[in-house]
Amino acid sequence: MNPIRQHLIDPEICIRCNTCEDICPINAITHNDDNYLVNAEICDLSMDCIAPCPTGAIDNWRLVETPYTLEQQGEWEELPPQQVSAEVPGGGDEALESEANGLLDIAHAGQGGKGVAPATASTPSINIYTRDKPAVAVVQGNVRITHADAESDVHHIILDLGSSALPVLEGQSVGVVPPGADPNGKPHVMRLYSIASPRDGERPNHNNIALTVKRVEYQVDGRTVKGIASNYLCDLQRGDKVNLTGPFGSSFLMPNHPQANIIMICTGTGSAPFRAMTEHRRRHMPDAPGRLLLFFGARTRGELPYFGPLMKLPSSLIDRELVFSRETPGAKEYVQDRMLKRADDIFQLLQDENTHIFLCGLKAMDQGVFAALESICRNNGVEWSSLSRTMRDSGRFHVETY
Ligand SMILES: Cc1cc2nc3c(=O)[nH]c(=O)nc-3n(C[C@H](O)[C@H](O)[C@H](O)COP(=O)(O)OP(=O)(O)OC[C@H]3O[C@@H](n4cnc5c(N)ncnc54)[C@H](O)[C@@H]3O)c2cc1C
């Protein structure tokens, strides 16, 4: 029997707003008490329901020999795994996929091997939009989020996805291909940017995402040269269009269970995925027993992206350690120094199998942070090299530094 393409709705992302059921012109979509269900005997794959879905939960497909029944779909807590790569809608740009994987492999190198997704992470969608068929987003907002006097110019950029279903999970990235060509006439290569908003949108239940982008500048022969993609993004005006590829990333993902303790360690734009994770917890599991512990380093508070909003989060939601290396003359402190001050708390969390460590931001952080973790473990008679391997292999140790 030839496989057929079955349309399904992701129960983990769906917010049960009933839009798809209302919109389906042939009543192929129904729901039970738990999930929204697509009747494969009725569905004609017209796609009428795809664009209006606010979360992208609707945009899921499986090649199957025997379609999943309504009863089966009604019991799912997550979608069954993809069987073949042809199922990825719009996929097929192998060069782009391998480019993204290459960038991610380099970014994840610090965890000492290929990352594994947390056991309770939702199933990510990947490689939906390609260079030839990008998601075209429209800039809704672009604001500087470091102080006007700060050296680093970091922007919070909100992108409206319009009718494109771009399902994302906290921890994933999108690709940006800047318009134009390099000096050799070749199209610019893609750059990855972490998504800074949670899965249900920058604005809850809206089809938009946020990025945190630092304007890059560097010196060549005494001249200041501007980074191509970051300057393109930071200069965008409201209403401008941006081509996005992806989403990308299938291991650096938020654990979903409320018992998960999440230790988040970052500098600068490394805060983007942690903003997404924290906001997901705040919106959907504000009373989760699992702890959020954030170590966030910057030179000064003016240089720390999202300083104001971070300070407003309740301490019952997140335990914040904001660390400044230039705030007080003669008192330089880095993220790893503060981690050592919180050694007892960190070690206590490391004993708990619900604890996940995420590190994101500048590659230069890796060594200092690993040394702190080594020291914390050594002082408690534990070998970090072995613990980190165990945590990595069980999807609990994640590094994304660039
Ligand atoms: C998984 C992942 C997630 C990321 N997430 C984010 C994020 O959320 N926010 C963010 O701001 N960034 C993020 N980045 C980094 C981002 O992808 C870009 O690398 C960054 O914005 C710089 O791109 P650019 O095009 O502006 O700079 P480019 O033009 O690519 O230049 C980048 C660097 O290359 C070097 N360089 C390039 N050309 C030369 C030359 N001729 N001579 C000397 N040096 C040169 C310089 O060191 C320069 O700083 C992420 C990267 C990865 C891998």
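### A word on the packing of aromatic side chains
Right, so step 1: With the rule as written, the count across this model stands at six aromatic pairs.
Right, so step 2: Through pairs of rings, three or more aromatic residues link up here, namely Phe252, Phe274 and Phe358.

### Digging into the domain arrangement of the chain
Right, so step 1: Here the chain is described as being made up of domain 1 (4–87), domain 2 (97–122 + 251–401) and domain 3 (135–248).
Right, so step 2: Its C-alpha centre places domain 2 at a distance of 23 Å from the equivalent point of domain 3.
Right, so step 3: Between domain 2 and domain 3, the contact holds 26 residues from the first and 33 residues from the second.
Right, so step 4: In total, about 2300 Å² of surface goes out of reach between domain 2 and domain 3, with carbon and sulfur atoms giving 56% of it.
Right, so step 5: For the interface between domain 2 and domain 3, the tally reads three salt bridges.
Right, so step 6: Between Arg299 and Glu151 there is a salt bridge, and its shortest N-O distance comes to 3.3 Å.
Right, so step 7: The tally of links from domain 2 across to domain 3 stands at 18 residue pairs in polar contact (both at pLDDT 80 or more).
Right, so step 8: A per-element tally of the side of domain 2 that touches domain 3 places helix α5 (residues 272–284) first, with nine residues.
Right, so step 9: A per-class count over the side of domain 2 that touches domain 3 returns 13 nonpolar, six polar and seven charged.

### Looking at the sheet that holds strand β17 (residues 397–401)
Right, so step 1: Sheet architecture is open: five strands sit in the order β15-β14-β13-β16-β17, paired in parallel fashion. The outermost strands of the open sheet, each flanked by one partner alone, are β15 (319–324) and β17. Taking each pair of neighbouring strands and ignoring which way they run, the sheet shows an average axis angle of 10°.
Right, so step 2: Sheet analysis places strand β14 (residues 292–298) next to β15, joined by six bridges and oriented parallel. Counted as the bridge partner of Leu294 is Arg320 from β15.

Analysis parameters
Residues numbered from 1 in each chain as written. Predicted model: local features only at pLDDT ≥ 70, side-chain atom pairs only at ≥ 80, totals over all residues. Heavy atoms only, no water. Phe/Tyr/Trp six-rings, centres within 6.5 Å; stacked < 30°, edge-to-face > 60°. Domains from an automatic or database assignment. Contact = heavy atoms within 4.5 Å. Buried area = accessible area lost by both parts, 1.4 Å probe. Salt bridge = Lys/Arg side-chain N within 4 Å of Asp/Glu carboxyl O. Polar contact = N/O pair within 3.5 Å; in protein donor to acceptor, adjacent residues only side chain to side chain. Helix = DSSP H or I, 4+ residues; strand = E, 2+ residues; numbered from the N terminus. Nonpolar A, V, L, I, M, F, W, Y, C, P; charged D, E, K, R; others polar. Pairing = 2+ DSSP bridges. Axes fitted to C-alpha atoms, helices over the stretch in contact; angles between N-to-C directions.

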